[in-house]
Structure formats: C-alpha cells, structure tokens
Amino acid sequence: MPKVKISCGPRDKLLRLEQELNQIFLERSDLIRIILLSLLTRQHALIFGKPGAAKSSLVRSIASAISGGCFQVQLGKDTTTDQLFGPIKVSELPKDRLCRAFENFMPGKPLAFLDEIDKANSVILNALYTAMEERLFLNDGEMCKMPLISLFGAANSISQLQTEALAPLLDRFLFRIEVDWMQSDASFLEFVRRRATGDSPFITTVMSIAELQQMQVAAKNIEFPIEMQEAIARLRKELAAEDIHASDRRWGNCIDLLQATAYLNGNSEATGADFAILKHVLWTDIKQISVIDRALRPFLKLKPSKAKSQFKQALDPVIDRATEAMQNFDADTAIGQVAIALTDLQGLKDGLAQVPQTNEIRQALTLIHQKITQLETHRQQITAPSSFQTVF
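Residues numbered from 1 in each chain as written. Predicted model: local features only at pLDDT ≥ 70, side-chain atom pairs only at ≥ 80, totals over all residues. Heavy atoms only, no water.

Participant: Explain the overall build of the protein to me, please; I cannot follow it from the model alone.
Facilitator: Of regular secondary structure, the protein possesses 14 helices and seven strands. Radius of gyration (C-alpha) of the protein: 23 Å, near the 21 Å computed for a compact globule of 392 residues. Taking the principal axes of its C-alpha atoms as reference, the protein extends roughly 70 × 55 × 55 Å. By the burial criterion, 45% of the 392 residues in the protein qualify as buried. (Helix = DSSP H or I, 4+ residues; strand = E, 2+ residues; numbered from the N terminus. Rg over C-alpha atoms; globule rule 2.2 N^0.38 Å. Buried < 20%, exposed > 50% of the residue type's maximum accessible area, 1.4 Å probe, protein only.)

Participant: What am I meant to see in the packing of helix 9 (residues 226-241) against helix 10 (residues 248-264) here?
Facilitator: For any two helices packed against each other, the geometry is given by the interaxial angle and the distance between the axes. The N-to-C vectors of helix 9 and helix 10 enclose an angle of 135°; their axes lie 12 Å apart at closest approach. It follows from the interaxial angle that helix 9 and helix 10 lie oblique. Pair helix 9 / helix 10 crosses with right-handed handedness. Residues I232, L235, R236 and L239 of helix 9 form the contact with helix 10, whose participating residues are D248, W251, I255 and L258. Within the contact of helix 9 with helix 10, the residues separate by chemical class into six nonpolar, no polar and two charged. (Axes fitted to C-alpha atoms, helices over the stretch in contact; angles between N-to-C directions. Parallel < 35°, antiparallel > 145°, perpendicular 65-115°, else oblique. Left-handed = near helix turned anticlockwise from the far one by under 90°. Contact = heavy atoms within 4.5 Å. Nonpolar A, V, L, I, M, F, W, Y, C, P; charged D, E, K, R; others polar.)

Participant: Hey, could you run me through the sheet that holds strand 2 (residues 70-74) in this one?
Facilitator: Two orientations exist for strands paired in a sheet by backbone hydrogen bonds: parallel and antiparallel. With parallel pairing, five strands are arranged side by side in an open sheet as 2-3-6-1-7. Two strands close off the open sheet at either side, each with one partner strand: strand 2 and strand 7 (175-179). On average, adjacent strands in this sheet sit at an angle of 15° to one another, irrespective of strand direction. The sheet contact formed by strand 1 (residues 45-49) and strand 7 spans five bridges and is parallel. Looking at strand 7, one finds that F48 is bridged to E178. Strand contacts of helix 2 (residues 29-41): strand 1, strand 3 (111-115), strand 6 (150-155) and strand 7, with the helix running at about 160° to strand 7, the strand carrying the most contacts. (Pairing = 2+ DSSP bridges.)

Participant: Got a minute to help me understand the packing of aromatic side chains in this structure?
Facilitator: Here the distance between the centres and the angle between the planes together describe a pair of aromatic rings. Applying the stated criterion across every chain, the model contains six aromatic pairs. Between F48 and W283, the aromatic rings sit 6.1 Å apart at their centres with planes inclined by 70°, giving edge-to-face as the arrangement. Of this pair, F48 sits in strand 1 while W283 sits in the loop between helix 10 and helix 11 (289-296); the two residues are 235 residues apart in sequence, bridging distant segments of the chain. Accessibility assignment for this pair places F48 and W283 in one class, buried. Geometrically, the ring pair formed by F71 and F105 is tilted, given 6.1 Å between the ring centres and 45° between the ring planes. Remark: F105 occurs in the loop between helix 4 (81-85) and strand 3 and F71 occurs in strand 2; sequence separation between them is 34 residues. Taking the relative accessible area as the measure of exposure, F71 reaches 6% and is therefore buried. (Phe/Tyr/Trp six-rings, centres within 6.5 Å; stacked < 30°, edge-to-face > 60°.)

Participant: What is the right way to read the pattern of salt bridges from this model?
Facilitator: When their charged atoms lie close together, side chains carrying opposite charge are able to pair. Tallied over the entire structure, the rule returns 19 salt bridges. Its salt-bridge partner being D293, residue R297 comes within 3.7 Å of it at the nearest N-O pair. Salt bridges linked by common partners bring E92, K95, R97 and D140 together as one network. (Salt bridge = Lys/Arg side-chain N within 4 Å of Asp/Glu carboxyl O.)

Participant: Looking at this model, I keep getting lost on helix 11. Mind explaining?
Facilitator: One full turn of an α-helix is made of 3.6 residues, so residues set three or four places apart face in the same direction. Inspection of helix 11 places V291, I292, A295 and L296 among the buried residues, and these make up the whole buried set. Angular distribution of buried residues about the axis of helix 11 spans 135°; they occupy a single face of the element. (Arc of directions from axis to C-beta.)

Participant: What is the right way to read unusual backbone geometry from this model?
Facilitator: Negative phi is the rule for most residues except glycine; trans is the rule for most peptide bonds. Within the chain, A54 stands out as a residue other than glycine whose phi angle is a positive 70°. Relative to the helices and strands, A54 resides in the loop between strand 1 and helix 3 (55-64). Backbone geometry places R135, a non-glycine residue, at a positive phi of 55°. If you trace the backbone, R135 turns up in the loop between helix 5 (122-134) and strand 4 (136-139).

Participant: When you look at the pairing of strand 5 (residues 142-145) in this model, what are you seeing that I'm missing?
Facilitator: If a strand is regular, its side chains alternate between the two faces of the sheet. Pairing of strand 4 with strand 5, which is carried by four bridges, proceeds in the antiparallel orientation. If you follow L138 over to strand 5, its bridge partner there is M143. Hairpin connection between strand 4 and strand 5: a loop of two residues separates the two successive antiparallel strands, and D140 in this loop has a positive phi of roughly 55°.

Participant: How should I be thinking about the packing of helix 9 against helix 11 in this particular structure?
Facilitator: Their axes nearest at 11 Å, the elements helix 9 and helix 11 cross at an angle of 140°. Between helix 9 and helix 11, the angle is such that the two are oblique. Between helix 9 and helix 11 lies a crossing whose hand is right-handed. Here helix 9 contributes L235, E238 and L239 to the contact with helix 11, which in turn contributes I292, A295 and L296. Looking at the contact of helix 9 with helix 11 residue by residue, the classes come out as five nonpolar, no polar and one charged.

What follows is the structure in structure tokens.
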C-alpha cells in the first residue's frame, strides 16, 4: 500500500518546535513562547535573570532551528563596531572606500543574539538603536538594509538597563522577561536524571525563513474584533490611572502581538485570553509587572460578542473562508480556495450594494474590499513563490 504524504504547514512546524523546546528546557514555556512570538512579529526580546538559568543556551537552540543563521557575540566595554557589523575591507581602502565584510556578522544574518547587552558601550548602543529600529547599518557612508528579523539580548540584571542613558535601548525590546532557576522539585529531579544518564531530548524541527515570512503574513490577517479594540483602549486608561504608561508605538505593536498570539493558538480572531502576554510588554519598571498582571485578569475572559444579526451570520462564514484561504500557502490547493473566496466576496459585495447603506453595511463593504485586496495579493504571492518577499 503506497504511503500517504501528510502535509505539515508552517504553523504546525512552529508548534512542534515549541513542544520540542519545552521538553528540553524545563520551566521555560513563557520564554519559549515569547521568542517564537518575536519571530512572528519581527520584534526583539530582552531576557534577564540570574546566571546559569539557560538564557543563552535556549536562544542558541531556537536559532539553530531557523535556517539562515544567527549572529552571536558577547558584549563588553571594549567591544567595537567591527565585531558587530564586520571589519573594514582592506582591499577597498586604496579606493577611499570603507566597505565592511559583513556577511558573517549581524548585517548578514536574520537573527542576532547579544549576550551581556547591559555592558555595551555608547558607540555600540548608538549603532544598535538604528539597527534594531530601522534594520539599517552604516557601510561605506551609506545606510544599508539588514535582513534582521529579531534580536535577542541577555543580561544578568535589569537594574543597569533601567537608567536614563539606556532607556532608548530598553524601549526597543518589545518583550522583557525575567527567568529564574528551576523552582519545581520534579523539574529539578528530571534535570538531574538527564545529566546523570545523558538521556536528553533534542530538536528535530527546522524552519525556513520563507516559512517564517508566510506565518508573519498569516498573523497579520487575524481579525481584531471591535470588542478587543475597545478592551485595549480600556486597558490603557486603567494602567494610566496606575501611572503606567506606554508609547503609541508600543500599543500599536501590542495589536500585532495579539494577532500573532491568536494565530499561534489556532484562532481566526483575537480574544481576551491572548492578553496575558502583555504583562511582558507594557512595563517600564520591573515593579509594575505585578500591577499589570492584576489589571489584565478581568480582560482574559473577554470574547467577541456571540449575539449576531442575520446579516452577520451570512457575512462571517464568507470572511472566515477568505481568512482561511489567505493562510494556505500550498499552491496546489490555495489557488482554488482563493478563487472560491473571491467569488463569494464579490457576490456578497454586489448584493450589499443594492440594499440601504446603514453603518453596518458600509463597514461590511469596507471589510469585504480589504479582504478582496488581500486575497488578490495572496494569489500573486502563491503563483510567484520565487519572488515572495514580506515587507514591513
């Protein structure tokens, strides 16, 4: 009997990688999820805590599972820009050019891990600000693009980063998470057993950059319902009453993060349950984490309204099919799926154009127009995979 080939989508592979990492690194589920969400949102993560808590080894393990490589360096007060961005090419000096051999350094890799980032000197910090925020570096007098997806920084203490001088660096990390030594007796006993026997799990899953890009697009297409929009505004107001403030940019990044969380959880829309991750995002002082955690609890049970009008009952399945089609990157099946979704949307659009234009109808037409545009773009991507590029 011939074997049946079972397809495994990018999200399934990412979840399998997450499972493997949780088997290897005990009591690190929150950190693992944050690193994966960093990849989905093209954001950076700062990991701090006691030495010997597997901060570095966990990041390196995840980086080893992503094709394209990861640039790694331990920073210090004497670290130079050459050690981050590559040395100057001596062969170009007679031509009065200051070109860097950057291919094996940070500008040439999709991922970066900077250990002891709190020890970076001012020259390195100034270069990192531009690299992290704009994905640019200076080469031969010009600002050049970097393929950087995410940068991970590690430090033993957050205190040295909570200064006025380093505040810009801290702000460029969307995620800030503290890790500690193992707390559970059972986890520690399992750690001892593995060390004594040499019997440890290992990673078998490998993700490509193209697969990450596909998931980044799919996460962007997750619906963010009006109830969740209102919840974000309410949360911002409640935290402000506690004198906890975040920039507009950070709140905007929270929307992308909640969409990515919903995507990773297998949902087509964000819900209150996704808000739990925000406790690692919204604080500027570590003392605020417990306050944010308490403020988030009432939001975790929020769900989009189930009371739907007859019109919504007809609209939602069509939108759901369109969203599902945009998450399918298998060219053999996606083309037909997209065509059906486009036909359904166009038919619904034509029908709605003939009825009285209430606010609900106008909002639905706007949504339908957006989905049609997204589907057309998706169809172009899946029919021309060699030119597929994600731009953010």
